[in-house]
Amino acid sequence: MEISDLDYELPPKLIAQTPAPSRDASRLLVIDRARGGLEDHGFAELPDLLRPGDCLVVNNSRVIPARVLARDAAGRQVELLFFEAIDPRRWRALTRPGRRSRGGVELAVGDAPEARLRIVGADADRPRVVGAIDELLREHGVPPLPPYIERFAAPTAEDLERYQTIYARPPGSIAAPTAGLHFTPKVLDAVQRRGVEFHELTLHVGPGSFRPIKAARIEDHTLLPERIEIPAGVADAVNRARDERRRVIAVGTTTARALESAVGMGGRVRALDGEAQIYITPGYAFRVVDALLTNFHLPRSSLLVMVAAFAGRELILKSYGHAVRAGYRFYSYGDATLIL
């Protein structure tokens, strides 16, 4: 499939710059794959849209303060986005502009002598950076808001709370698993009182999730692996749900990628502590996920490709067109879809 087949028109005013007044005040577009139908709801209605016995699986990864602003010897700004620890003093990072972060370059953050970094080499445009990085992130790191949010370089106190799910625990993501941002304790309580199972796995969102597809053909893109952990109890719960013909609902494309990466022989989900390697494109037959709760995604992104694989290109473009006309808010702080 050509990547241009997944383009759509989006007025800039519909790119959400701030979160909704409360997490569950977001809107929810229900997309029915069987009927090709669309229904407008509020996210607070989610419990009523689920069935007793549904198996809801979320990604509990915590966003780290991964973005750091440094300066080179000439005092020019260099932005670093740390995404993978090699050891406590060595991390891989994305840098901008790249010409100021070649091997051997020294960078300073603030005025403290210990807040100095050295670029020691590059690996596929991902420099390795040496320094007291754990401490640096604690002292100088900020939440890595996406660049389409105008204040991405200067997040607010509200962002510290809202660009994180309420159930986030193990740190490691450089972007929020945004489908989960809409949940409140009240909604989660209502979901469980409805008789819906609630389970957690971990996928640490890396640069692969938001790197735009530049290849003309979707299949020619390479999606980088991401670290995942699926506990044995979660794998067992998902397998029981499938055996009993209960729906497995993935909260977010990251959860869907983790589950589909963990399918082994006989279609069974296995416990896994490793990497999600799978790249889901149209034509893929989902083996675990029966329904998907997810936000609206950018054109030419691997996330939109996955959603098109799940629901079909025509239905997704139809639903996105409806959302634009109805004034839904898009992307990380935007509204959600429930694809059944």
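In this report, the structure presented in the accompanying data block is examined. Bear in mind the structure is a predicted one, so any value in this text is a computation, not a measurement. (Residues numbered from 1 in each chain as written. Predicted model: local features only at pLDDT ≥ 70, side-chain atom pairs only at ≥ 80, totals over all residues. Heavy atoms only, no water.)

**Let's talk about the nonpolar core**
If you look at the biggest cluster of nonpolar residues, it comprises 66 residues, and the most contacted ones within it are Val238, Val248, Leu259, Ile316, Phe330 and Ile339. Counting residues per element, this core draws most heavily on helix α7 (residues 302-311), which supplies eight residues. (Core = buried A, V, L, I, M, F, W, Y, C linked by side-chain atoms within 4.5 Å. Buried < 20%, exposed > 50% of the residue type's maximum accessible area, 1.4 Å probe, protein only. Helix = DSSP H or I, 4+ residues; strand = E, 2+ residues; numbered from the N terminus.)

**Some remarks on the pairing of strand β2 (residues 37-42)**
As judged from the six bridges shared by strand β1 (residues 27-32) and β2, these two strands associate in the antiparallel manner. By the bridge assignment, Val30 is partnered in β2 with Glu39. (Pairing = 2+ DSSP bridges.)

**Digging into the packing of aromatic side chains**
Tallied over the full model, the rule gives 15 aromatic pairs. Plain terms: the ring middles of Tyr8 and Tyr320 are 5.1 Å apart, the flat faces sit at 80° to each other, and that makes the pair edge-to-face. Note that Tyr8 is positioned in the segment before β1 and Tyr320 in helix α8 (residues 313-325), a separation of 312 residues in sequence. Tyr320 matches Tyr8 in its accessibility class, with the two residues each being buried. Judged by centre distance (6.0 Å) and plane angle (80°), the rings of Tyr163 and Tyr333 are edge-to-face. With Tyr163 in the loop between α3 (157-162) and β11 (171-173) and Tyr333 in the loop between α8 and β17 (336-339), this residue pair connects regions lying 170 residues apart in the sequence. With respect to burial, Tyr163 and Tyr333 carry one shared label: buried. Members of the aromatic cluster, joined through ring pairs, are Tyr8, Tyr148, Phe296, Tyr320, Tyr328, Phe330 and Tyr331. Lying across the ring of Tyr328, Arg27 places its NZ or CZ 3.9 Å from the centre. A cation over an aromatic ring shows up here: Arg33 above the ring of Phe310, its NZ or CZ 3.9 Å from the ring centre. (Phe/Tyr/Trp six-rings, centres within 6.5 Å; stacked < 30°, edge-to-face > 60°. Lys NZ or Arg CZ within 6 Å of the ring centre and 35° of its normal.)

**Looking at helix α5 (residues 232-243)**
In this model α5 runs 16 Å from its N-terminal to its C-terminal C-alpha over twelve residues, within 8% of the 16 Å that 1.5 Å per residue would give. The complete set of buried residues in α5 reads Val234, Ala235, Ala237, Val238, Asn239 and Ala241. Packing partners of the buried residues in α5 comprise β3 (55-59), β12 (197-203), β13 (226-230), β14 (248-251) and α6 (253-261). The positive-phi residue at the C-terminal boundary of α5 is Arg245, with phi of around 60°. (Expected span 1.5 Å × (residues − 1). Contact = heavy atoms within 4.5 Å.)

Purely geometric numbers; function is a separate question.
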